[in-house]
Amino acid sequence: MVPRVVFGRGSFNQLNEIISPKRLNVHAPFIFLVDDVFKGKSWLTSRIPLSYNDNIIYISAKEEPKTSQVDVLVEQIILNSKESPSGIIGIGGGTVLDLAKAVSIMLNNEGETSDYQGWDLVKNPAVYHVGIPTISGTGAEVSRTTVLTGPEKKLGINSDFTPFDQVILDSELTKKVPKDQWFYTGMDCFIHCVESLNGTYLNAFSQSYGEKAFELCKELFLKNTISHTEAQEKLMMASWHGGMSIVYSQVGVAHAMSYGLSYLLGTKHGIGNCIVFDHLEEYYPEDVKLFKEMKQKHNIQLPTGLCANLDDEDFDVMINIAIGLEPLWENAIGKNWKKTITREKLKALYQKM
Ligand code: NAD
Ligand code: ZN
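Structure report, in brief. Computed from a predicted model, the values in this text were never measured in an experiment. (Residues numbered from 1 in each chain as written. Chains lettered and ligands numbered in written order. Predicted model: local features only at pLDDT ≥ 70, side-chain atom pairs only at ≥ 80, totals over all residues. Heavy atoms only, no water.)

Some words on the coordination of the zinc ion (ligand 2)
Applicable threshold: Each metal's donors comprise the N, O and S atoms found within 2.8 Å of it (within 3.2 Å for Na, K or Ca). Water is not part of the atom list, so some coordination spheres may appear incomplete. Any coordination sphere not matching a tetrahedral pattern (four donors, all angles between 85 and 135 degrees) or a square planar or octahedral pattern (four or six donors, opposite donors over 155 degrees apart, other angles between 65 and 115) is reported as irregular. Helix and strand assignments follow DSSP, with helices taken as H or I runs no shorter than four residues and strands as E runs no shorter than two, numbered in order from the N terminus. Only protein chains enter the accessibility calculation, which uses a 1.4 Å probe. A residue is then buried if its area is under 20% of the maximum for its type, exposed if over 50%, and partly exposed in between.
Within the protein, Asp188 (OD), His192 (NE2), His255 (NE2) and His269 (NE2) serve as the donor atoms for the zinc ion (ligand 2), at 2.1 to 2.2 Å. Between the four donor atoms coordinating the zinc ion (ligand 2), the angles at the centre fall across 90 to 167 degrees, so the site counts as irregular. Sequence positions of the donors to the zinc ion (ligand 2) reduce to the motif D-x3-H-x62-H-x13-H. Of the two residues, His192 sits in helix α5 (residues 179–197) while His255 sits in helix α8 (residues 253–265), which places them 63 residues apart along the sequence. Here His192 falls in the buried class, since its relative accessible area comes to 3%. The class of His255 is buried, set by a relative accessible area of 3%.

Have a look at this one:
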């Protein structure tokens, strides 16, 4: 679990106070990985406390993180600083938060990032790392993984060294998120809850977090009862609880299939999950109904025809990725999932998207 959390509107201003005691010496900088959507936005960047050789690296979130990108960033940081950094601070959405986690691990572990995709392969503790989300939903701020696309697979580095040492939850940072993106990333949280709560891996720990996040999502996406500020704060907490829920259970059908879309077509996580979930009545009937209501209420048009021009080989690539995520299927369907989740079944579903 994340050992230290600060929550509150404006708490970003405490960043200096929080990280200063963690400075190892004047030659060991803090490196800020910042979503490039904030480049030139002084309301945020002027509040990043830079001293000595501290440095900001702007990161594009157009594409999801890759293992090769982590390798390049680590190399760049090592070449540019006299000593290993005092800390890595990620400021952005799931993309930047995952990069910050991965970079901090790879600064202290040998070899290539792709060597560590999997479960509990990391040997040495990561460099001190801080997560500051600027969009809510993925739960990346609280999770024990960093999802990366590698040469062979899209798979996380799941380890006890992955979670942030410190998270700052300042909902004010989410105020400029575009509406569609707010919906897609918010729905990632909703889908985490659905998949966790309806999964065979569920336990009381996950359930208590999942139920809370699920209630918050329904309040946020189906009702009009709260102010903007309150909604930003509550979505931040929904993301946190949804993330906590899957840490101790697993995701399900939507995530498995969305990973296939992402691997072949580069479809991003939030929107990809929405595209898939829209067709999953068979697996999550009540929740897909709720999802469709939410979509309508917020006037969201999901892209269609994604798979219209794909050939059999393309479908095979997506199906291989999806079907290879065995724990997700076992969670969603049960031990005998192979009886019903066939390649033909997945192809038929993909063809609807
Ligand atoms: P993102 O980080 O990809 O960002 C989406 C878009 O929103 C980008 O264009 C970004 O620039 C923009 N944005 C972010 N904050 C903004 C702000 N305050 N104002 C304006 N624009 C802003 O989105 P995401 O949905 O948070 O993250 C998706 C990534 O998270 C995927 O790579 C996925 O694999 C990963 N993920 C990780 C976990 C985990 O547990 N580690 C869980 C779920 C998803
Ligand atoms: Zn997700």
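There is more to say, and it comes next.
Observations concerning the packing of aromatic side chains
Note the threshold: Paired rings are identified among Phe, Tyr and Trp, the last through its six-membered ring, by centres lying within 6.5 Å, and are further divided according to the angle between planes into stacked (under 30 degrees), edge-to-face (over 60) and tilted (the rest).
Summed over all chains, the structure comprises twelve aromatic pairs. Ring centres 6.0 Å apart and planes at 90 degrees place the aromatic pair Phe183 and Phe221 in the edge-to-face group. Taken together, the positions of Phe183 in helix α5 and Phe221 in helix α6 (residues 204–222) put the pair 38 residues apart, joining distant regions of the chain. For the ring pair Phe190 and Phe277, a centre distance of 6.3 Å and an interplane angle of 90 degrees mean the geometry is edge-to-face.

Some details on unusual backbone geometry
Positive phi is not limited to glycine here, since Tyr52 has a value of about 45 degrees. Looking at the element boundaries, Tyr52 is found in the loop between α2 (42–45) and β3 (55–59). Assessed through its relative accessible area of 56%, Tyr52 is described here as exposed. In this structure, Asp120 takes a positive phi of about 55 degrees despite not being glycine.

Description of the site of ligand 1
Rules: It suffices for a single heavy atom of a residue to lie within 4 Å of a molecule or strand for the residue to be listed as near it. Side-chain atoms alone can form a polar contact between residues adjacent in sequence; in general such a contact is a pair of N or O atoms within 3.5 Å, and within protein one must be able to donate a hydrogen while the other accepts it. What sets the accessible areas is the Shrake-Rupley method with a 1.4 Å probe; for residues, cover comes only from the shown protein chains.
Residues in contact with ligand 1 amount to 27 residues; listed here are only the nearest, Gly94, Thr95, Ser143, Thr185 and Lys268. Here an oxygen atom of ligand 1 and a side-chain polar atom of Ser143 are 2.6 Å apart. Here a nitrogen atom of ligand 1 sits 3.0 Å away from a polar atom, N or O, in the main chain of Leu173. Surface burial for ligand 1 is 91%, taken as the share of its 870 Å² of free accessible area covered by protein chains. Going through the elements one at a time, α4 (94–106) and α5 are the ones with two or more residues in the shell around ligand 1. Tallying contributions element by element places α4 first for the shell around ligand 1, with four residues.

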